[in-house]
Amino acid sequence: MLSVEQLYVNYGEKEILHDVDLQVAQEEIVMIVGESGSGKSTLVRSIMGLLGEEGHITKGNIVFQGVNLCQLNKKQYRELRGSRIAMVFQQPESSFDPTQTIHRQFYEAMNVHRKVNVREAEQTAKSLLGMLGFREPETILSKYPFELSGGMAQRVAIALAVVNEPAFLLADEPTSALDVVVQKQTLDVILDMRQKLHMTMLMVTHNMGVVAYMADKVGVMHHGHLVEWGKKTELLKNPQHPYTRELIRAIPTMNGILPQYQETPQMKGWKNKVWYSETHWALMA
Ligand SMILES: Nc1ncnc2c1ncn2[C@@H]1O[C@H](COP(=O)(O)OP(=O)(O)OP(=O)(O)O)[C@@H](O)[C@H]1O
């Protein structure tokens, strides 16, 4: 589905990403962890084609569904964003126009990619918001972004990101600005969306608890290098790189021992999922 091949990225003269290689298969959730400044957001921005004036790919390829994204022009990239690849940001405000109602934002997000009428946009938005657990979606649609709480706004931002049913969703720390309870609800919503819309995902987090909860594969970034890459279960049980060991040791648990995986009935059909009690979750957030 997506393959990052020997990617080197600079901001100006400074090399930020060095020889990054990873593959994301259909419907997989890949999580990228690493300390602040290790290059996680730069990797996501490279995939989205949003490196800005200073940033550029100096070497390597990003291949999505057989197309080399590094060869797209700005117009082609714009067409891809929001339709086949979408993004959820850390701050939900980044996804909204503060001067428009939520309904208008759904309408415009859909209209960029295909002609829809207001009623059709409303129906789609209501159905998505319903899926995301809003009991009265029409009330949400009539609101302005500032009228939503942080947790509500992030769920609406997720709905807006997936309104055109993208094949691939990128998320840069989508829950770190939220409180612990809302964090878990939001992550569950993302898992639910993945299942309902058959999306593939790459998500950045600094939280190993989140990785343990929902990743299939994990990449660990350190000083712009992808120092470890593999299936979550293997990586958590048998980390190879000293930095990964450090990250895992830092997961707070009640007894200081890495929690054991438990297969539960809720996980039926969800390969490699890890279940934690609410208490455990709160401790790890
Ligand atoms: N627009 C920019 N211009 C110049 N340097 C930048 C720019 N954006 C990021 N950098 C630098 O690139 C490096 C990687 O930053 P990046 O934001 O990708 O790291 P990160 O792992 O996402 O960090 P965080 O977890 O704090 O968001 C850092 O040294 C940062 O200072």
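Just so you know, these numbers come straight off a predicted model, no measurement behind them. For every chain, the first residue of the written sequence is number 1, and numbering continues from 1 along that sequence. With the structure being a predicted model, the display of local features is reserved for residues of pLDDT at least 70 and the display and counting of side-chain atom pairs for 80 or more, all residues being used for whole-chain, interface and lining totals.

Asker: Let's hear about the overall build of the protein chain: which residues, and what values?
Answerer: Scanning the protein chain from N- to C-terminus turns up 11 helices and 10 strands. The burial label depends on the number of other C-beta atoms within 10 Å of a residue's C-beta. Counts of 20 or more mean buried, 12 or fewer mean exposed, and intermediate counts mean partly exposed, with C-beta atoms placed from the backbone. For the protein chain, buried positions account for 37% of its 285 residues. Placing C-beta atoms from the backbone, we regard two residues as in contact once those atoms come within 7 Å. Restricting to contacts in the protein chain with at least 6 residues of sequence separation, those with at least 24 account for 66%. Only runs of H or I of at least four residues qualify as helices and only runs of E of at least two qualify as strands under DSSP, and these elements are numbered from the N terminus.

Asker: Please give an account of the site of the ligand that cites residues and values.
Answerer: Each residue receives a C-beta atom built from its backbone; the residue is near a molecule or strand if that atom lies within 6 Å of it. Neighbouring the ligand are 13 residues; Tyr 11, Ser 36, Lys 40, Ser 41 and Thr 42 lie closest to it. The element that contributes the greatest number of residues to the shell around the ligand is helix α1 (residues 40-48), accounting for three residues. Among the residues making up the shell around the ligand, the classes are represented as two nonpolar, nine polar and two charged. Note that Gly is not counted as nonpolar here; it falls among the polar residues with everything else outside the nonpolar set of Ala, Val, Leu, Ile, Met, Phe, Trp, Tyr, Cys and Pro and the charged set of Asp, Glu, Lys and Arg.

Asker: Provide a residue-level description of α1, including the pertinent values.
Answerer: Listed as buried for α1 are Lys 40, Thr 42, Leu 43, Val 44, Ser 46 and Ile 47. A positive backbone phi angle near 70° is found at Gly 49, which sits one or two residues after α1.

Asker: If you had to explain the sheet that holds strand β7 (residues 168-172) to someone new, which residues and values would you point to?
Answerer: Strand order in the open sheet formed by six strands is β6-β7-β8-β3-β9-β10, and the pairing between neighbours is mixed. The two strands at the open ends of the sheet, each matched to only one other strand, are β6 (85-88) and β10 (225-231). For this sheet, the mean inter-axis angle between neighbouring strands, taken without regard to orientation, is 15°. Axis geometry follows a simple rule: fit a line to the C-alpha atoms, using only the stretch in contact for helices, then measure angles between N-to-C directions, giving values from 0 to 180 degrees. Of the strands in this sheet, β6 and β7 touch helix α6 (residues 150-161), which is tilted by about 170° from β6. Contacting β3 (29-34), β9 (217-222) and β10, helix α10 (residues 242-249) crosses the sheet at an angle of about 110° to β9. When DSSP finds two or more bridges between a pair of strands, those strands are recorded as paired.

Asker: Give me the lowdown on the sheet that holds strand β2 (residues 14-24), citing residues and values where you can.
Answerer: Across the sheet, four strands lie side by side as β2-β1-β4-β5; this open sheet has antiparallel pairing. The sheet is open, and its two edges are formed by β2 and β5 (67-68), each paired on a single side. Summarising the sheet, strand β4 (residues 55-64) and β5 pair through two bridges and their orientation is antiparallel. Residue pairing in the sheet places Val 63 in a bridge with Asn 68 of β5.

Asker: So what's going on with helix α7 (residues 180-197)? Residues and values would help.
Answerer: One fewer than the residue count of a helix, multiplied by 1.5 Å, yields its expected span. The end-to-end C-alpha separation of α7 is 26 Å, in line with the 26 Å expected for 18 residues at 1.5 Å each. Among the residues making up α7, those that are buried are Gln 183, Lys 184, Thr 186, Leu 187, Val 189, Ile 190 and Met 193. In the segment just after α7, His 198 is the residue with positive phi, at about 55°.

Asker: Got a sec to walk through the environment of Gln 90? Specific residues and values, please.
Answerer: Inspection of the secondary structure assignment puts Gln 90 in the loop between β6 and α3 (102-111). Sequence-wise, Gln 90 and Gly 209 are 119 residues apart; in three dimensions their C-alpha atoms are separated by 17 Å. Ignoring sequence-local partners within four residues, the contact set of Gln 90 consists of Asp 172, Glu 173, Pro 174, Ser 176 and Ala 177.

Just distances and angles here, no functional claims.
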